[in-house]
Structure formats: C-alpha cells, structure tokens
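In case you want the letters, here they are:
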Amino acid sequence: MPAITPRVVFVIRDTDYELLIARHATRGQVRFFLESRGQTLAEVEARHAQFQAVLAEARSAVPLDWRQALVRRPDLDRFLFAPEDVVVAVGQDGLVANVAKYLDGQPVVGVNPAPDLYDGVLARARVEALRGLLPASAAGAAPLQRRTMVQATFDGGERLLALNEIFVGHRSHQSARYRIDDGARAEDHSSSGLIVASGTGLTGWARSISEATHLTVEVGIEEAAFGYWVREPFPSVATGTDLRGGKFAGSPLTVVSRMNEGGVVFSDGIEQDFVAFDWGRRVSLAPADRTFNLVAA
C-alpha cells in the first residue's frame with residue numbers, strides 16, 4: 001500500500017475587510033462605514049492584500065505532490081485533522097493557540113503575516129522559511145517546543161484542552177459562584193471567574209490579571225504545571241478570598257459550580273465552544289496528557 005502523502009492544513013481567520021464586507025454587503029457601504037468613524041478603506045484593503053499575499057506565498061511553498069486544506073477559525077471544531085498533517089497557522093499568536101486543542105501531536109508552524117502588528121511569540125516563522133520547514137516537519141526532523149497544555153475534565157466525562165488558559169465562570173458579567181478546592185483547603189467564592197494558565201498562557205490573559213493583582217506565578221512553557229488566578233473575589237459572610245491564586249504541578253484543582261444557570265467553561269478564548277457549568281457540576285483542572293508541538297522556527 002502506498003504511503004499517505006503529507007497534508008498541509010492552513011488555518012486562517014477572516015481579515016477585517018472580509019468581516020466588513022460580510023456585515024455591510026458592498027465595498028461602497030464599507031467605505032461609508034469606515035469614513036464615518038475616521039478610518040479609511042484604503043488602509044483596510046491594504047492589510048487584506050498583504051495577508052492574501054502572505055497566504056499565497058505560504059501555499060506555494062507546499063511540495064507539488066502533497067495535499068492541502070484550508071480551514072477558518074470558526075470551523076475548527078468541525079474540521080477533522082489527520083495524524084500526517086502539518087498545520088500552518090497564518091495570523092496572530094491567538095490563532096496559533098486557537099488550533100491547539102483540536103490537535104493530537106501534529107507539528108504546528110505559526111506564520112506572522114504582519115510583524116508590525118503582531119508580536120509573533122507563537123507565530124514566529126517567516127513565510128520564506130516554509131519551503132524548508134514543511135518537509136522537515138513532516139519527516140519529524142524539525143526542532144519542536146513541546147509546550148504543556150492544560151485540561152478541564154468534567155464529572156460527565158467531557159474534556160476541554162487549552163494551550164493558553166481555561167476560563168471557569170459565568171457567561172455574562174454576573175458574579176460566578178462556585179466552590180474551589182486546592183487539595184488542602186476549600187472555599188466558596190463569588191468572583192468574576194477564574195482562569196488556569198499554562199506557561200505559554202502567562203504572556204496572555206494571565207499576564208494582565210497577574211499585573212493587576214500583583215500575584216506572579218512562574219511556570220515554564222514545557223513544565224507539567226499551571227498557574228491559577230481568581231478574578232475579583234468578593235468577601236462576604238458566605239464567600240472568602242483566601243484562595244486567590246497559585247501554582248499546581250501534577251495534582252488537580254477542583255471547582256464545583258454553585259450557579260443555577262449561566263455557568264460556562266471554555267478554553268483559549270473560544271467562547272462559543274463551551275461546556276455548560278451549572279449547579280453541582282464538577283471540573284478538575286490539571287496539566288494535559290498531550291503537548292502542543294510548535295515548530296521552533
């Protein structure tokens with residue numbers, strides 16, 4: 001039986017121009033909308049053209065006898081990745097994180113299409129490097145960062161994975177109510193929710209919370225550990241604020257919902273792909289048993 005040729009899966013998100021066209025239907029209406037807000041169509045179109053040029057160059061780097069696929073961010077939860085895939089995320093760092101929970105060991109190359117806009121912490125590869133990175137990745141010869149992921153395991157058997165962080169809380173701005181247990185202590189909380197973050201996630205949402213609370217947790221990107229932060233815990237006769245954050249290695253952090261409705265758990269900012277977390281549901285948060293294999297370009 002002939003060997004299966006590798007497939008390169010390009011992951012993208014719609015550009016601002018595409019989103020505006022979808023909303024306003026015509027280019028003329030988009031121009032009117034932008035100019036009424038002090039922006040120009042020319043700038044938005046230039047960014048769109050720049051992205052399309054980078055994507056075209058990336059796709060032209062795929063060997064002619066390989067297969068290709070293109071998937072947009074909203075369709076990730078319906079796309080079936082194969083073991084032989086090499087994944088190329090063309091976009092900002094958040095897009096690289098978005099694809100992580102849908103993979104199982106496939107190598108990922110992050111390509112930054114706009115270095116003047118995006119930091120490139122995860123999307124660090126130059127598009128010109130793909131001609132060498134793709135064959136090396138498919139052959140298992142590319143250097144990898146095996147970044148720790150975090151997982152949420154529910155009492156009903158569901159599981160969520162995240163490269164950056166998992167959020168536990170209420171879907172709106174209402175207070176989230178839950179009981180948190182770190183294995184040594186337990187406490188009832190009323191807060192804006194909590195997050196658990198991997199070492200990779202310490203540069204994202206966790207960073208802003210850490211700076212606001214002055215609670216710093218050090219976790220390596222390949223360390224089998226995670227940090228947790230409670231957002232704005234409220235002290236009352238029924239709720240405490242002692243368990244505000246910390247570092248976990250190996251053992252899980254357990255949370256039990258005390259919300260009659262509206263409780264959610266989601267990962268890496270993809271709010272529409274959530275697990276309901278209503279009264280009595282239990283979730284255990286721990287380092288995942290798989291890693292995110294980022295090609296160290």
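Quick summary incoming for the structure in this document. Bear in mind the structure is a predicted one, so any value in this text is a computation, not a measurement. (Residues numbered from 1 in each chain as written. Predicted model: local features only at pLDDT ≥ 70, side-chain atom pairs only at ≥ 80, totals over all residues. Heavy atoms only, no water.)

Side chains that differ in sign of charge can pair as their charged atoms come close. Applying the stated criterion across every chain, the model contains 19 salt bridges. Across the pair Glu261 and Arg171 runs a salt bridge whose closest N-O atoms are separated by 3.5 Å. Pair noted here: Glu261 is in the loop between strand S13 (253–257) and strand S14 (263–267) and Arg171 is in the loop between strand S7 (165–170) and strand S8 (176–181), with a separation of 90 residues, a long-range link. A residue is classified by how much of its surface remains accessible, and Glu261, at 41% relative accessible area, is partly exposed. Among the charged side chains, a network of salt bridges with common partners joins Asp14, Glu18 and Arg72. (Salt bridge = Lys/Arg side-chain N within 4 Å of Asp/Glu carboxyl O. Helix = DSSP H or I, 4+ residues; strand = E, 2+ residues; numbered from the N terminus. Buried < 20%, exposed > 50% of the residue type's maximum accessible area, 1.4 Å probe, protein only.)

On to the side chain of Asp85, then. Relative to the assigned elements, Asp85 resides in strand S3 (residues 85–90). Among the polar contacts listed, one links the side chain of Asp85 to the backbone nitrogen of Ala82, at a separation of 2.7 Å. Excluding its chain neighbours within four sequence positions, the residues that come into contact with Asp85 are Arg7, Val9, Gln106 and Pro107. (Polar contact = N/O pair within 3.5 Å; in protein donor to acceptor, adjacent residues only side chain to side chain. Contact = heavy atoms within 4.5 Å.)

It is worth spelling out the packing of helix H2 (residues 27–35) against helix H3 (residues 41–60) at this point. Relative orientation of the contacting elements H2 and H3 amounts to 120°, with a least axis distance of 9 Å. The orientation of H2 with respect to H3, classified from their angle, is oblique. Note on element contacts: H3 touches H2 through Leu41, Val44 and Glu45, opposite Arg27, Val30, Arg31 and Leu34. Considering only residue class, the contact of H2 with H3 consists of four nonpolar, no polar and three charged. (Axes fitted to C-alpha atoms, helices over the stretch in contact; angles between N-to-C directions. Parallel < 35°, antiparallel > 145°, perpendicular 65-115°, else oblique. Nonpolar A, V, L, I, M, F, W, Y, C, P; charged D, E, K, R; others polar.)

Moving on, we come to empty space enclosed by the protein. Under the defined criterion, the tally for this structure stands at one cavity of 30 Å³ or more. By volume, the largest cavity is sized at about 40 Å³. Surrounding the largest cavity, Ala100, Leu103, Asp104, Gly105, Gln106, Met149, Arg290, Thr291, Phe292 and Asn293 form its lining. Of all the elements, strand S16 (residues 282–295) adds the most residues to the lining of the largest cavity, at four residues. Residue composition of the lining of the largest cavity, by class: four nonpolar, four polar and two charged. (1 Å grid on protein atoms, 1.4 Å probe; cavity = no way out; pocket = protein on both sides within 12 Å on 5 of 7 lines; lining within 4 Å. Points joined across faces, edges and corners; volume = space filled by probe spheres on them.)

For the rest of this paragraph, the subject is the sheet that holds strand S11 (residues 225–230). Taken together, six strands build an open sheet; the order of strands is S12-S11-S10-S7-S14-S15 and the sheet is antiparallel. The open sheet is flanked by strand S12 (245–249) and strand S15 (275–276), the only strands paired with a single partner. Taken together, the five bridges between S11 and S12 define a ladder with antiparallel strand orientation. Across the sheet, the residue bridging to Tyr228 is Gly246, located in S12. (Pairing = 2+ DSSP bridges.)

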